[in-house]
Amino acid sequence: MQPVIGIDLGTTNSCAAVIEQGKPLVVPMADGKVTLPSVVAFKDGQRLVGDAAKRQFVNNVENTIYATKRLIGRSFDDPQTQDAIGRVTYRSVRGPNGDVWIHAADRKYAIQEVTALVLTEIKEACRRHLAQDVTHAVIAVPAHFNDRQRTATKQAAKIAGLEVLRVINEPTAAALAFGMHFGAERRIAVYDLGGGTFDVSVLKVGGGAIEVLATDGDAFLGGNDFDHRILGWLVGRIEKQVGMAITNDPVVAHRLWEAAELAKIQLSTTPITKIALPFLTTRPNGEVVHFECDLLRPVYEELVTDLLQRTLTTFTNTLAAASLTLQTLDEVLLVGGMTRMPAIRKRMVEITGREPATGVHPDLAVAVGAAVQAAMLGEQTMPAVLLDVTPHNLGVMTVAGLAETVIPKNTKVPAHVERRFTTVRDDQETVRIVVYQGDSRQIDKNEILGEFQLESIRKAQRGQVQIDVGFSISTDGIVHVTATDVETGKAQEIKITSSVGLSKADLERMIAEHQQPAPATP
Ligand code: AMP
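Not measured: the values here are computed from a predicted model. (Residues numbered from 1 in each chain as written. Predicted model: local features only at pLDDT ≥ 70, side-chain atom pairs only at ≥ 80, totals over all residues. Heavy atoms only, no water.)

**Comments concerning the pattern of salt bridges**
So, step 1. According to the stated counting rule, one finds 34 salt bridges in the structure shown.
So, step 2. A salt bridge links Arg-229 to Asp-306; the nearest nitrogen and oxygen atoms lie 2.7 Å apart. Separated by 77 residues along the polypeptide, Arg-229 in helix 6 (residues 223-242) and Asp-306 in helix 9 (residues 305-321) bring together distant segments of the chain.
So, step 3. Residue classification places Asp-306 among the partly exposed residues on the basis of a relative accessible area of 39%.
So, step 4. Members of the salt-bridge network, linked through shared partners, are Arg-107, Glu-113, Asp-506, Arg-509 and Glu-513. (Salt bridge = Lys/Arg side-chain N within 4 Å of Asp/Glu carboxyl O. Helix = DSSP H or I, 4+ residues; strand = E, 2+ residues; numbered from the N terminus. Buried < 20%, exposed > 50% of the residue type's maximum accessible area, 1.4 Å probe, protein only.)

What follows is the structure, given as structure tokens:
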């Protein structure tokens, strides 16, 4: 039987695992490391993925693509997307359907295509390691990912030749990795701070099941923001010493980013770190600038106090949303590279009054959990034990242009709700339904999933034709809409007149192109 792999497709790093003889195995990548930087580069007609792409970044900033998870399935015009675009060095453009595409190496790429290159590298590593073809996967995504982000992730996998058997929420995967589904019933909270995103989930676990009680997070808060604070501090120090602006040069900017991240990581294990930047730049008079300074842990912690506080506030709010108090919480799991920061652990212990669970490496937990889910699906044992919830309200636009919830946030999935619509004019032949996902009362603050047009409605007086529209959210968190004429019982034709994302034709072209022999990654 072909193995089904579990994939953690991270903002900064990705990782894959598989269950072999009942034990989780994290699959080594081509270079032997267990994680793969989620970075792709186009250079001299070649595609580079992972460390190879990351290493050449400084010399190829415009064609090196990273942090695409912040852009996948998002609309280009969204202010948060624009913010994310403003932080990267490659060029993003508005795609044919209003989504984000990337302009690199004289071509435009959909985010799904770039993501597919990372997935192909992972798939290849798995094929090499397991000595057999790998075509099926379980992919973990942040719990707050909406329908479009999940669909886009599945499309990326499809381009890479991977069929996704299940999209699993990252915190659910983490709980599986820690074996939380075994044993007595408990209530646990997963605090997951990675490179680009923050997620909190409250789960009921035990007796072979995992149920997500509530989930929340911040798609734009992660390790990068912590790096950014150090960067700001560093730039201030350097410019004061040098007496000129230094960040206009992308090579210098990149070195500063790297130095900031390294300092942050080192401060997890040492109380003081040295930031050394020899040959950083040259003054107008040609004099070479070398820079060196110390950063102390308390100074760093001060720089990021508000970021840390934001995560803690979301954490306690999510507990409240799940009707839990700190007294009724049994266990805390810390997931994501950032949770190795001592201040995070310390504050979590202060808040919850308990030590976080250990035993699974925070960087690998999500991939291992996805592999556990993959094995469960493969064996057909307990496939239904995971009871996830939908992270956002799903709703429709009312006649007055307001948002009206159909399936509320935190409803268990799969979920199905029927809404009855009727004609408002005599002989009305079409009814337009705008479906959104999001938590605001204002429609334009939410993510519009699509406009569904009920077509060819039979002619009748207003109010006489009634149409039941079924809104479903699958276990993958993907939305489907169906419609039936109440009187005739006939399925009503639905045309999606606008929806952001890849068109079917584009997707098919990308799948075909991807299968063609690509220039090899060295
Ligand atoms: P992940 O997305 O889970 O791979 O997390 C990546 C983030 O964790 C990046 O921002 C890293 O800089 C950060 N990170 C990795 N190791 C450490 C460490 N030892 N201490 C603090 N942050 C870390």
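**Digging into the site of the ligand**
So, step 1. What surrounds the ligand is a group of 13 residues, the closest being Gly-195, Glu-261, Lys-264, Ser-268 and Gly-337.
So, step 2. Residue Gly-195 places a main-chain N or O atom 2.9 Å away from an oxygen atom belonging to the ligand.
So, step 3. In the environment of the ligand, an oxygen atom lies 3.2 Å from a nitrogen or oxygen atom belonging to the backbone of Met-338.
So, step 4. Computed on the free molecule, the ligand has an accessible area of 500 Å², of which 87% lies beneath the protein chains in the complex.
So, step 5. Looking at which element gives the most residues to the shell around the ligand, the answer is helix 7 (residues 250-266), with three residues.
So, step 6. Grouping the amino acids of the shell around the ligand by side-chain chemistry returns two nonpolar, eight polar and three charged.
So, step 7. The residue makeup of the shell around the ligand includes at least three contributed by each of domain 1 (4-220 + 314-388) and domain 2 (223-303). (Near = heavy atom within 4 Å. Polar contact = N/O pair within 3.5 Å; in protein donor to acceptor, adjacent residues only side chain to side chain. Areas by Shrake-Rupley, 256 points an atom, 1.4 Å probe, with all protein chains shown as cover. Nonpolar A, V, L, I, M, F, W, Y, C, P; charged D, E, K, R; others polar. Domains from an automatic or database assignment.)

**Considerations on the domain arrangement of the protein**
So, step 1. Taken as a whole, the protein is organised into domain 1 (4-220 + 314-388), domain 2 (223-303) and domain 3 (394-496).
So, step 2. The gap between the C-alpha centroids of domain 2 and domain 3 is 52 Å.

**Structural notes on helix 9**
So, step 1. Between its terminal C-alpha atoms helix 9 stretches 24 Å, which fits the 24 Å expected from 17 residues at 1.5 Å a residue.
So, step 2. Tucked inside the fold, the buried residues of helix 9 contact strand 13 (186-193), strand 14 (198-206), strand 15 (209-218), helix 6 and helix 10 (342-352).
So, step 3. Positive backbone phi, approximately 55°, marks Ser-323, located one or two places after helix 9. (Expected span 1.5 Å × (residues − 1). Contact = heavy atoms within 4.5 Å.)

**Some thoughts on the packing of helix 6 against helix 7**
So, step 1. Packing of helix 6 against helix 7 brings their axes to within 8 Å, and their N-to-C directions diverge by 115°. The angle between helix 6 and helix 7 places the two elements in the roughly perpendicular class. Where helix 6 crosses over helix 7, the handedness of that crossing is right-handed. Contacts between helix 6 and helix 7 involve Gly-223, Asn-224, Phe-226, Asp-227, His-228, Ile-230, Leu-231, Leu-234, Val-235 and Ile-238 on the former and, on the latter, Leu-256, Trp-257, Ala-259, Ala-260, Glu-261 and Lys-264. (Axes fitted to C-alpha atoms, helices over the stretch in contact; angles between N-to-C directions. Parallel < 35°, antiparallel > 145°, perpendicular 65-115°, else oblique. Left-handed = near helix turned anticlockwise from the far one by under 90°.)

**Focus: the pairing of strand 2 (residues 13-20)**
So, step 1. As paired elements, strand 1 (residues 4-9) and strand 2 share four bridges and run antiparallel to each other. Considered in strand 2, the bridge of Asp-8 is made with Cys-15.
So, step 2. The hairpin formed by strand 1 and strand 2 contains three residues between the paired strands.
So, step 3. Pairing of strand 2 with strand 4 (residues 36-37), which is carried by two bridges, proceeds in the antiparallel orientation. Directly across from Asn-13, in strand 4, lies its bridge partner Pro-37.
So, step 4. As judged from the four bridges shared by strand 2 and strand 3 (residues 23-26), these two strands associate in the antiparallel manner. Directly across from Glu-20, in strand 3, lies its bridge partner Lys-23.
So, step 5. If you look at the hairpin formed by strand 2 and strand 3, you'll find two residues sitting between the two strands, and Gln-21 has a positive phi there, around 45°. (Pairing = 2+ DSSP bridges.)

**Some words on the side chain of Arg-74**
So, step 1. Residue position: Arg-74 is located in the loop between strand 7 (64-65) and helix 2 (79-86).
So, step 2. Buried and unpaired, Arg-74 has Asp-78 as its nearest opposite-charge partner, separated by 4.6 Å.
So, step 3. Not counting the four nearest positions on each side in its chain, Arg-74 is found in contact with Gln-80, Thr-81, Gly-98, Asp-99, Val-100, Arg-148, Gln-149, Ala-219 and Phe-220. (Lys, Arg positive; Asp, Glu negative; His and termini not counted.)

**A few points about the side chain of Ser-38**
So, step 1. Inspection of the secondary structure assignment puts Ser-38 in the loop between strand 4 and strand 5 (40-43).
So, step 2. For Ser-38, a relative accessible area of 8% puts it in the buried group.
So, step 3. Of note is the side chain of Ser-38, whose polar atom sits 2.9 Å from the backbone oxygen of Gly-10.
So, step 4. With residues near it in sequence (within four places) discarded, Ser-38 still touches Gly-10, Thr-11, Thr-12, Asn-13, Ser-14, Ile-65, Tyr-66, Ala-67 and Val-118.

**Topic: the nonpolar core**
So, step 1. In this structure, Ile-5, Ile-7, Leu-119, Ile-122, Cys-126 and Ile-139 are the most contacted members of the largest nonpolar core, which totals 64 residues.
So, step 2. Ignoring any residue separated from it by four or fewer positions in sequence, one finds Ile-139 in contact with Ile-7, Leu-9, Leu-119, Thr-153, Ala-157, Val-164, Arg-166, Val-167 and Ile-168. (Core = buried A, V, L, I, M, F, W, Y, C linked by side-chain atoms within 4.5 Å.)

**Side note on the environment of Gly-501**
So, step 1. Among the secondary structure elements, Gly-501 is positioned in the loop between strand 27 (494-498) and helix 12 (504-515).
So, step 2. The exposure class assigned to Gly-501 is buried, which follows from its relative accessible area of 17%.
So, step 3. Along the chain, Gly-501 and Phe-291 lie 210 residues apart, while their C-alpha atoms are 46 Å from each other.
So, step 4. Every residue in contact with Gly-501, bar those within four places of it in the chain, is listed here: Asn-97 and Asp-99.

**Quick notes on a nonpolar patch on the surface**
So, step 1. On the surface, Ile-272, Leu-296 and Val-299 cluster together into a nonpolar patch covering about 220 Å² of accessible area.
So, step 2. In this structure, Val-299 sits in helix 8 (residues 297-303).
So, step 3. A relative accessible area of 34% means that Val-299 is categorised as partly exposed. (Patch = residues over 30% accessible without salt bridge, like charges linked within 9 Å, V, L, I, M, F, W, Y side chains within 5 Å.)

**Some remarks on the packing of aromatic side chains**
So, step 1. Following the criterion strictly, the structure yields five aromatic pairs and no others.
So, step 2. A centroid spacing of 5.6 Å and a plane angle of 75° characterise the contact between Phe-57 and Tyr-66, whose relative ring orientation is edge-to-face.
So, step 3. Relative accessible area serves as the criterion here: at 6%, Phe-57 is assigned to the buried category.
So, step 4. Ring geometry for Tyr-191 and Phe-198: centres 5.0 Å apart, planes at 65°, overall edge-to-face.
So, step 5. Judged by relative accessible area, which is 0%, Phe-198 ranks as buried. (Phe/Tyr/Trp six-rings, centres within 6.5 Å; stacked < 30°, edge-to-face > 60°.)

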